[in-house]
Structure formats: C-alpha cells, structure tokens
Amino acid sequence: MKKAPKHEPDEPLTVSPPKKWAAGVPAVTHALEYSLDEASLKTTATTLLTMNQVGGIDCPGCAWADPAPGHRHMNEYCENGAKHINDEATGRRITREFFRAHPVSWLNEQSDLWLNQQGRLTEPMIKRADSDYYEPISWADALDLLADELKALDTPDEACFYTSGRASNESAFVLQLFARAFGTNNLPDCSNLCHETSGFGLHETLGTGKGTVSLDDIYQSDLIFLVGQNPATNHPRQLSALEECKDNGGKIISVNTLPEAGLMRFKNPQQIRGVIGDGVQISDQFLHIRSGGDLALFQGLNKLLLEAEDANPGTVLDHDFIARHTSGFEEFARHARSISWDDILTATQLTREEIEEAHDHVMHAGRVIVCWAMGVTQQRQGVPTVREIVNFLMLRGNLGRVGCGASPVRGHSNVQGDRTMGVWEQMPDEFLDALKSEFRFDPPRHHGYDAVKAVKAMAEGKVKVFLSLAGNFVRAAPDTEITDAAMRRCKVTAQISTKLSKAHTVTGETALILPCLGRTEIDIQAGGVQFVTVENTSSEVHTSFGKLRPASRLLLSEVAILCRLAERTLGDNADADIPWLEFEADYGNIRDRVAQIIPGFYDFNRRVSRPGGIKLPNPVNEGVYATATGKAMFTVNDWDMSAAPPGHLVLQSTRSHDQWNTIPYTNNDRYRGIHGRRNIIMINPEDMVDLGLVRGQFVDIVGVWHDDVDRRVKGFEVIPYPTSRGCAAAYYPEVQPLVPLDSVAAISNQPTSKGIVVRLEPGTPPPGTKPTHWHD
Ligand SMILES: Nc1nc2c(c(=O)[nH]1)N[C@H]1C(S)=C(S)[C@@H](COP(=O)(O)OP(=O)(O)OC[C@H]3O[C@@H](n4cnc5c(=O)[nH]c(N)nc54)[C@H](O)[C@@H]3O)O[C@H]1N2
Ligand SMILES: Nc1nc2c(c(=O)[nH]1)N[C@H]1C(S)=C(S)[C@@H](COP(=O)(O)OP(=O)(O)OC[C@H]3O[C@@H](n4cnc5c(=O)[nH]c(N)nc54)[C@H](O)[C@@H]3O)O[C@H]1N2
Ligand code: SF4
Ligand SMILES: [Mo]
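- Per an unreviewed UniProt entry, the protein chain goes by the name Molybdopterin oxidoreductase domain-containing protein and belongs to Streptomyces seoulensis.
- Here is the UniProt Sequence similarities (unreviewed entry) comment for the protein chain, exactly as written: "Belongs to the prokaryotic molybdopterin-containing oxidoreductase family."

Next comes the structure, spelled out in structure tokens:
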C-alpha cells in the first residue's frame, strides 16, 4: 500500500496542565492511531503481534529487557514501541521523482518531522559535487565511488565511521572490522552522546561499563531510585516492571527536575486496575532536584549513612562487603563526612528533611537499585555522579546480590550491543589482539575520534569521508552551526539509512544515500533467510527476525552494503584474511567469528537461537572487579556547582512523548500537556516573575559560553511549567544549536545537553503562528 505523504499540521499550540499519570487506555488508542496512519491494518497486525516475542521482531525502540519466554503478554510492547516499529513499517515511499522535484537546499529547510514523514527511502541516490539534486545511481557505482574515495585518502584516519544504536550486532561487528582493517579507529557512535559517562564512571569503579541489573532484580528490589529518567516516554515497559516491584512491596524514589507523569502514577493497560481503576502510584517519594544536583544528593545520602553507622556501629554499613570487595573506603568516608550540609542543600535545592526521608527509605531497604539515564549522563559532573552512585550502592553491599545494583538504562535498542561488538574509538588491546589473531591483520592502536572530536576534525578539514551506519549525526551532535559547517567540509558523506532526515540534506561535496532494510523486513541472502541479534540493557542477546516484505526491491541489508563496500575497498589487500562475501551470504558466518573474539559469545549461533537467547556474564555479579585495584573502588568526588549567573537559566534539552531521538513523529507531548508546536520553553512560574516574563511571550534563547560564538534559537514561546527553580526545559533537537561543542562532561567527553546556560531575549513568533489555547 502506498500512502500519500502527510503534511505537517498547521495547528495552534494548546497547553494543558501536565498529566499526573501515564499509559492506560489512551496510550493504546494513540499507538493504534499512529500505526494505522502509517501502515496498513495487515502490516500493523504483523508488527505488533510478533513484536518482542520469541522468533519475532525485536522492538526497534529502546533497550528495555523482555520478560522471560513464557512470561510475555500477547501484546508485549508499549505505545511508543508501536509507534517506532510502524514508523519504519510505514506505507509511504520516497521515489526518484521526489528527489527530482526537491533540491537538497530546499529539503534542508524542511522540519525534521516533515522529512521523516515522507516515508521510506527506496533506491541509492547521489548528490554530485556540482549539483543541488539527488539523482539515482546503481549500487555498484555508488559503492565503487565510495571505495575509490576511501582508497584515495592520504591516511585511513581521514575517514570516519559513525554508528547509531539501532544497528544490529552483525552490522556493527562488520563496520568496526572494516574500519580497523582499513586502518582507523575513527568510530564515533551515539553512545558518545548518550551513556558514555556511565561507561567511564562504572568502568573505573567496578571494572565493567555495563549495568548489573536484570528484570528479575527490578521485580525483587526493596527500593529503586529513578534518577534523571522519564520512563513513561522513553522506556515505557519499565513501568510494568516497576509496578511488579511495587506489588512485591518495593518502594520507588524519583529524582528529577520535572515531575514527569510516569513518575507519579501508572495505569497498566495489561491489568484490569489500569483499565478501569486509578492504576498504581509509582513514586513513594519525588525529589524535585536542581539540574546537576544529583552528585550532591548521593553525597548527602552517603554522609547520612556514615552518620547512622557512627550512631549505631555495625548496623548500617555492610562491613563484610566493604572489607572483602572494595578499596578506598577510608579516604571516601573522610571526604564524605567533611562535606557541608549548606553546600548539599544549595546544590540540590532540596531540604534536609527530604534527603533524610530518602535516607529512611534506604535504611529500611535490604536491596537497592539505582536506575539512571540522560539527566545524569548529559551533565558536566556526570562521571563523578555515576561514581558516587556506586559509592552509595557499595556502602550497604547493594551489588552482586538479587534485587540490587547499578542500572544505566540504555536508549537505543542495540546501543549496548554495538559497543560489545567493538564500535568504540578506544577499544582495549585485548579486543584488538583478538581481531589480529582471528583475521591476520594489525588493527591500528591509536585511539580514534569520538563524536565531539569527529566534529572538530571535520571542521579542521582532517576528515574527508564520513560514512554513517544509521543515525542522524548532524542533529544528534551539539552546536548545530559548527557541526553543519564541519560536515559540509567533507569531500564525501554517505548514509546507510531507512528514512530521510537532515543527515541527507547537510552533506559533503558529494553525498550518497544508501537505503537499507529495517529490522521489520525479511532479509534474504545467498545463504537463505537471515536474522540479526541485539543486546538489551540487561546484557541479554537475542534474535530479531524480519517479517514484512521490504519497502523496495532495491534495498540492501546493512550487512550487505558494508561487506560489498569492504570487498571493494580492501579486496586486493593481501594482509587481512576476511571473507566479506561469506559474511554477506550468511550472517551465521559473522556470528561464528564473534564467538571466537568476544568473551561470553561461545557457541553464539546455537545459544542465541534458544528462546530468550544468551545472558552475557556480568563480572560484578560473580564478585570479580577488573579495576586498577582488583576490587570495587570507592572514589572521592568533588563538585563545583558553578550556578548560572543571575538573570540566566540552566536549560535541559529533552524528548517529547512523540519522537524518536532527532525525529519528532508529531508536535505533541501528551503527558506534559503540550500539543501542536515544539518551539516552546518550559519555565518555573516563579522564575518567570523574576525574569519579568509572561506566559505566551516569545523569546530568543541565547546560549552563554566562554567564547564569542552567537548561539541562538529564535521565537520560542514561554510556558509556565513546574520545573525546578532556575532550570528550564525545551525540546531536543530544536535547541541543539545552543549546546557548545566544548561543553562536555569531564572524563567522558560527552556533550552536556542537560546543562546549557542560557539567557532569554525578547523575540517574535515565527510567521504564521496561531494564537495559543490555554486550558488551566
Ligand atoms: N519515545 C522515545 N523513547 C526513547 C527515545 C526517544 O527519543 N523517544 N530515545 C532513546 C534514547 S537513545 C535514550 S538515551 C533514552 C533517553 O531516556 P531519558 O534519559 O529518560 O530521556 P530524556 O528525555 O533526555 O530525559 C531525561 C530526564 O532527565 C530529567 N533531568 C534533566 N536534567 C536532570 C538533572 O540534572 N537531574 C535529574 N535527576 N534529572 C534531570 C529530565 O527532566 C527528564 O525527565 O530514551 C530512549 N527511548
Ligand atoms: N541536545 C541533545 N542532543 C542529543 C541528546 C539529547 O538529549 N539532547 N541525546 C543524545 C542521544 S541519547 C542519542 S542516542 C543521540 C541519537 O543520535 P542518532 O542515533 O544519530 O539519531 P537517531 O535520531 O536515533 O537516528 C534516526 C535515523 O536513523 C535511521 N535509521 C532508523 N532505523 C534504521 C535502521 O534500522 N538502519 C539504518 N541503517 N538506519 C536507520 C533513520 O534514517 C533515522 O532518520 O542523540 C544525542 N543528542
Ligand atoms: S519499552 Fe522500549 S523496547 Fe519495550 S516496546 Fe516500548 S519502546 Fe519497545
Ligand atoms: Mo541515547
């Protein structure tokens, strides 16, 4: 079925009070409305009924884990998962006529939403150096051109290979192998912008960059902290798991700058009380924290635990765990005791009573989990915050036991797997040695560019060829003007993608669109029907089988595109012994090699085909800590709370309910009560008074940084919203131009997309803006 392209609705903005509960029947209705608008009834039925089932399609949404086989519902998906999958399974198509009608410069002026709505890409296209139009090109010519450009580079480091976390394990493994056999570690990925901070904080202290928590742990925990996370929108099935935890007597403390709907109540559409009742109260305590205050909060909790231990020695801390498994306790404890309450209260904007109440919950909980996401990682002090969370967990031995642990909740469905497969610009020597012995080539050892360094290198003209495996780098990376200009300096940019985005309109001199199969589609190669594998946030690796007829006969799989490119680029290189064409013919051949190289993947093909797949070992749960001291490490974490100057706000860029990362599906954000437009800024009403703002006023948001670049987005409408004092919120990627490239988290080099210092200047509404409807 071919549907006519939708047009962006020209709606007025409607603002209602934020919702106090998430999901329930409206969620199901919205999911179906969106799905049926995009795809046919038959397609929708196929995608939804096989989604997250054994032998079915893995949801291309977030990385939340599936219940064990046998414990899954018939509808094992959430409202947003249904939208994500049908956004790919859409009946709309982009043809060569579309590109003939629209110059690239015109396409670039269209919104992210409009570009995505045009449908699936259907054939390879090229924009030549002297042209403003994409035109068709054969696969052979496109890949020859790209291979020739790569071979012509002065050094392999003039190429850069970006990966986004929807890529399968198989395509990610092939991509990194190709990059390294070609001679570079320039493998920036969306993790650099996402959970890089968690990886660094956990690796240093626990010796693994991954979380330690399974779905069963969530069910069995006594107390779960949700820090800087909006599960109702971004990991909706987490709410079902939290509901089960609560049914088992568990408690939940949410820590957020916004009182998100899903943190309050949840009406589970799979439960009768969620359909006709009030649902379940999620948070037992809500800590309305100041932006960036989480480090101070956990230091406050740690200080209270130490004091409680002093008052009743031997009853609070897990001395046995601390003695057997950790190092650095004394120094940590000395420092924690020395921190002043005044500083903690200023940094968190919480009261001492609130922190003491949270401490009481901790004291009553034998098993504690801390979950976190972008509210923690996209902050300058993200790495110390993660380390302090580890300190907190270790004090009462909340690691390596059932119902306990650290859970950086991953975003993209296979972002964790892509890292496991070696997509990282600084993979350790053991991995590179294993590649060397398996494939008989010498992988480069010097580190490559991460996302921020890649932009800088492109801006300096050091990168000539940029290849992207999924994703939308120009909208995901910070400092849009600088990133766009950097991308435009490349000689060739090539995108392996399913759907149109700015990634195809902000290009190098020559640009290639290499359209690929999505996860929903049947993938047939010389060796028969293929499946791919993915890893969820709980380190479980399982299969995903495409079920739908491909959107076009001209699509190739990601693996096929990469293998053919590699064969063309490296085929005559006698050093490496890599059977690219065998990999393409049967992905089982890739998995056999992964089994030889990556720990935990032995007998990969057989084990992953069992229902439920493979659970990768987590050393922390075995009591093994591969750190500098061979033990879990307590750390001392100082903070410097450089507040925004008077008259300024700290702005976070956040996701609406109806978007997937850089791509809005609609202009609505149902739970926050915002419908029809995205150029809004949410500000605390008291801050509005202090700044002399009134609701509905239009402002320009101006980024403040230590350089003289004018970072500004124009015509944003002021919405009073119960965000923490001094902390405003607006949507990603619209405010991406305000995030300075140099504003990064210490150690992880991750952009601080949640801690942007801004001031507001009077602005005007964009032309054609209709008056706003306010429902109080
Ligand atoms: N529907 C949907 N699902 C998604 C995505 C999507 O775009 N749409 N994206 C996926 C990806 S890649 C990711 S990484 C995840 C992201 O999942 P989240 O991390 O939940 O995403 P954000 O919208 O960035 O929200 C961050 C939350 O942190 C809060 N916050 C901001 N600053 C602070 C702070 O300083 N302290 C505290 N305690 N809280 C703070 C915000 O108010 C918000 O609730 O979601 C994944 N799932
Ligand atoms: N200011 C600000 N910036 C941020 C964030 C933020 O919160 N604030 N969040 C950051 C985070 S957490 C992340 S993860 C990044 C996300 O950054 P990316 O992962 O780069 O961006 P996405 O929007 O997920 O990419 C969407 C595109 O991927 C392509 N695609 C979708 N499915 C497939 C597939 O199966 N195969 C292929 N080959 N292509 C596919 C489609 O063409 C689609 O347009 O952005 C980061 N940037
Ligand atoms: S919670 Fe995440 S993985 Fe599960 S259905 Fe929803 S979007 Fe998909
Ligand atoms: Mo992410």
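Text resumes after the structure shown.
**A word on the overall build of the protein chain**
Part 1: Each helix and strand counted, the protein chain has 31 helices and 34 strands in total.
Part 2: Relative to the compact-globule value of 28 Å for 776 residues, the protein chain shows a C-alpha radius of gyration of 25 Å, a close match.
Part 3: Overall, the protein chain is about 75 × 65 × 55 Å in size when its C-alpha atoms are taken along their principal axes.
Part 4: By residue count, 64% of the 776 residues in the protein chain fall in the buried class.
Part 5: As displayed, the protein chain offers around 27300 Å² of accessible surface, 52% of which is attributable to carbon and sulfur atoms.
Part 6: Considering the protein chain, the positive charge centre built from 77 side chains and the negative charge centre built from 99 side chains are found 4 Å apart.

**Overview of the nonpolar core**
Part 1: In this structure, Phe-161, Phe-173, Leu-467, Leu-514 and Trp-580 are the most contacted members of the largest nonpolar core, which totals 67 residues.
Part 2: The element contributing the most residues to this core is helix 8 (residues 169-182), with nine residues.
Part 3: Ranked by size, the runner-up nonpolar core spans 53 residues in total, among them Phe-225, Leu-306, Trp-341 and Trp-372.

**Quick notes on the pattern of salt bridges**
Part 1: Going through the model one piece at a time under the given rule, you end up with 47 salt bridges.
Part 2: Two residues, Glu-734 and Arg-678, come together in a salt bridge whose shortest N-O distance is 2.7 Å. Here Arg-678 lies in the loop between strand 28 (674-675) and strand 29 (680-683) and Glu-734 lies in the loop between strand 32 (727-731) and strand 33 (756-762), a separation of 56 residues in the sequence.
Part 3: The partner of Glu-761 in a salt bridge is Arg-712, with the nearest N and O atoms 2.8 Å apart. Separated by 49 residues along the polypeptide, Glu-761 in strand 33 and Arg-712 in strand 31 (residues 711-720) bring together distant segments of the chain.
Part 4: According to the relative accessible area criterion, Glu-761 is partly exposed, its value standing at 22%.
Part 5: Several salt bridges share partner residues, and in doing so they unite Asp-700, Asp-710, Arg-712, Arg-759 and Glu-761 into one network.

**A word on empty space enclosed by the protein**
Unfilled space is identified by rolling a water-sized probe across the atoms.
Part 1: Going through the model one piece at a time under the given rule, you end up with five cavities of 30 Å³ or more.
Part 2: Of the voids in this model, the second largest cavity is the one considered here, and its volume is about 100 Å³.
Part 3: If you go around the second largest cavity, you meet 16 residues; those closest to its centre are Cys-59, Cys-62, Cys-78, Gly-81 and Pro-236.
Part 4: For the lining of the second largest cavity, the elements supplying multiple residues, two or more each, are helix 3 (79-88) and helix 11 (231-234).

**A few points about the packing of helix 15 (residues 294-311) against helix 21 (residues 382-395)**
Part 1: Interaxial distance between helix 15 and helix 21 falls to 9 Å at its minimum, and their mutual angle equals 20°. Taken together, helix 15 and helix 21 sit at an angle that is classed as roughly parallel. Considering how the two elements wind past one another, helix 15 and helix 21 form a crossing that is left-handed. Across the interface between the two elements, Asp-294, Leu-295, Phe-298, Gln-299, Leu-301, Asn-302, Leu-305 and Leu-306 from helix 15 touch Pro-384, Thr-385, Glu-388, Ile-389, Asn-391, Phe-392 and Leu-395 from helix 21.
Part 2: Grouping the amino acids of the contact of helix 15 with helix 21 by side-chain chemistry returns nine nonpolar, four polar and two charged.

**Re the site of ligand 1**
Part 1: Taken together, 33 residues sit near ligand 1, with Asn-256, Glu-260, Gly-292, Gln-659 and Asn-661 positioned nearest.
Part 2: Contacts to ligand 1 include Asn-80, whose side-chain N or O atom sits 3.2 Å from a nitrogen atom.
Part 3: The separation between an oxygen atom of ligand 1 and a polar side-chain atom of Gln-379 is 2.9 Å.
Part 4: Summarising the interface, the protein chains cover 99% of the accessible area of ligand 1, which totals 920 Å² for the free molecule.
Part 5: Elements that contribute at least two residues to the shell around ligand 1 include exactly helix 3, helix 11, strand 9 (251-256), helix 20 (374-377), strand 25 (649-654) and strand 26 (659-660).
Part 6: Per-class residue counts for the shell around ligand 1 are nine nonpolar, 20 polar and four charged.

**Here's the deal with a nonpolar patch on the surface**
Part 1: A grouping of Leu-32, Leu-36 and Leu-41 is seen on the molecular surface, where their side chains present a nonpolar patch of about 270 Å² in accessible area.
Part 2: Within the element layout of this structure, Leu-32 appears in helix 1 (residues 25-38).

**Details of the sheet that holds strand 23 (residues 614-615)**
Part 1: Read across the open sheet, the three strands follow the order 21-22-23; overall the sheet is antiparallel. A single partner strand is all that each edge strand has here, and the edge strands are strand 21 (532-535) and strand 23.
Part 2: In this structure, strand 21 lies alongside strand 22 (residues 540-544), joined through four bridges in antiparallel fashion. Bridging across to strand 22, Glu-535 finds its partner in Val-541.

**Here we look at the environment of Val-702**
Part 1: In this fold, Val-702 is placed in strand 30 (residues 698-703).
Part 2: Along the chain, Val-702 and Val-757 lie 55 residues apart, while their C-alpha atoms are 8.6 Å from each other.
Part 3: Once you skip the residues sitting within four places of it in the chain, Val-702 turns out to touch Asp-710, Arg-711, Arg-712, Leu-738, Val-757, Val-758, Arg-759 and Glu-761.

**Topic: the environment of Ser-748**
Part 1: The residue Ser-748 is located in the loop between strand 32 and strand 33 in this model.
Part 2: Along the backbone, Ser-748 and His-195 are 553 residues apart, and their C-alpha atoms lie at a distance of 9.2 Å.
Part 3: Once you skip the residues sitting within four places of it in the chain, Ser-748 turns out to touch Glu-196, Thr-197, Phe-200 and Val-383.
Part 4: There is a polar contact of 2.8 Å between the side chain of Ser-748 and the side chain of Thr-197.

**Remarks on the site of ligand 2**
Part 1: Close to ligand 2 lie 30 residues, the nearest being Tyr-162, Ser-164, Glu-558, Thr-662 and Tyr-732.
Part 2: The backbone of Gly-471 places a nitrogen or oxygen atom 3.0 Å from an oxygen atom of ligand 2.
Part 3: The contact in question runs from a nitrogen atom of ligand 2 to an N or O atom on the side chain of Ser-653, over 2.9 Å.
Part 4: Protein contact buries 96% of the 920 Å² of open area that ligand 2 shows by itself.
Part 5: Classifying every residue of the shell around ligand 2 gives 12 nonpolar, 13 polar and five charged.
Part 6: Two domains each donate at least three residues to the shell around ligand 2, and these are domain 2 (93-191 + 414-610) and domain 4 (649-774).

**Here we look at the pairing of strand 7 (residues 159-163)**
Part 1: In terms of residue burial, strand 7 counts as a mostly covered element, since five of its five residues are buried.
Part 2: With burial as the criterion, each face of strand 7 is covered, one bearing Ala-159, Phe-161 and Thr-163 and the other bearing Cys-160 and Tyr-162.
Part 3: Pairing of strand 7 with strand 16 (residues 465-469), which is carried by five bridges, proceeds in the parallel orientation. Paired with Thr-163 across the bridge in strand 16 is Leu-469.

**Observations regarding the environment of Asp-442**
Part 1: Along the chain, Asp-442 turns up in the loop between helix 23 (429-439) and helix 24 (451-459).
Part 2: Polar side-chain contacts of Asp-442 include one of 3.1 Å to the side chain of Lys-436.

Rules used in this analysis
Residues numbered from 1 in each chain as written. Chains lettered and ligands numbered in written order. Predicted model: local features only at pLDDT ≥ 70, side-chain atom pairs only at ≥ 80, totals over all residues. Heavy atoms only, no water. UniProt positions renumbered as here; feature names shortened; annotations may be inferred. Helix = DSSP H or I, 4+ residues; strand = E, 2+ residues; numbered from the N terminus. Rg over C-alpha atoms; globule rule 2.2 N^0.38 Å. Buried < 20%, exposed > 50% of the residue type's maximum accessible area, 1.4 Å probe, protein only. Areas by Shrake-Rupley, 256 points an atom, 1.4 Å probe, with all protein chains shown as cover. Lys, Arg positive; Asp, Glu negative; His and termini not counted. Charge placed at Lys NZ, Arg CZ, Asp CG, Glu CD. Core = buried A, V, L, I, M, F, W, Y, C linked by side-chain atoms within 4.5 Å. Salt bridge = Lys/Arg side-chain N within 4 Å of Asp/Glu carboxyl O. 1 Å grid on protein atoms, 1.4 Å probe; cavity = no way out; pocket = protein on both sides within 12 Å on 5 of 7 lines; lining within 4 Å. Points joined across faces, edges and corners; volume = space filled by probe spheres on them. Axes fitted to C-alpha atoms, helices over the stretch in contact; angles between N-to-C directions. Parallel < 35°, antiparallel > 145°, perpendicular 65-115°, else oblique. Left-handed = near helix turned anticlockwise from the far one by under 90°. Contact = heavy atoms within 4.5 Å. Nonpolar A, V, L, I, M, F, W, Y, C, P; charged D, E, K, R; others polar. Near = heavy atom within 4 Å. Polar contact = N/O pair within 3.5 Å; in protein donor to acceptor, adjacent residues only side chain to side chain. Patch = residues over 30% accessible without salt bridge, like charges linked within 9 Å, V, L, I, M, F, W, Y side chains within 5 Å. Pairing = 2+ DSSP bridges. Domains from an automatic or database assignment.

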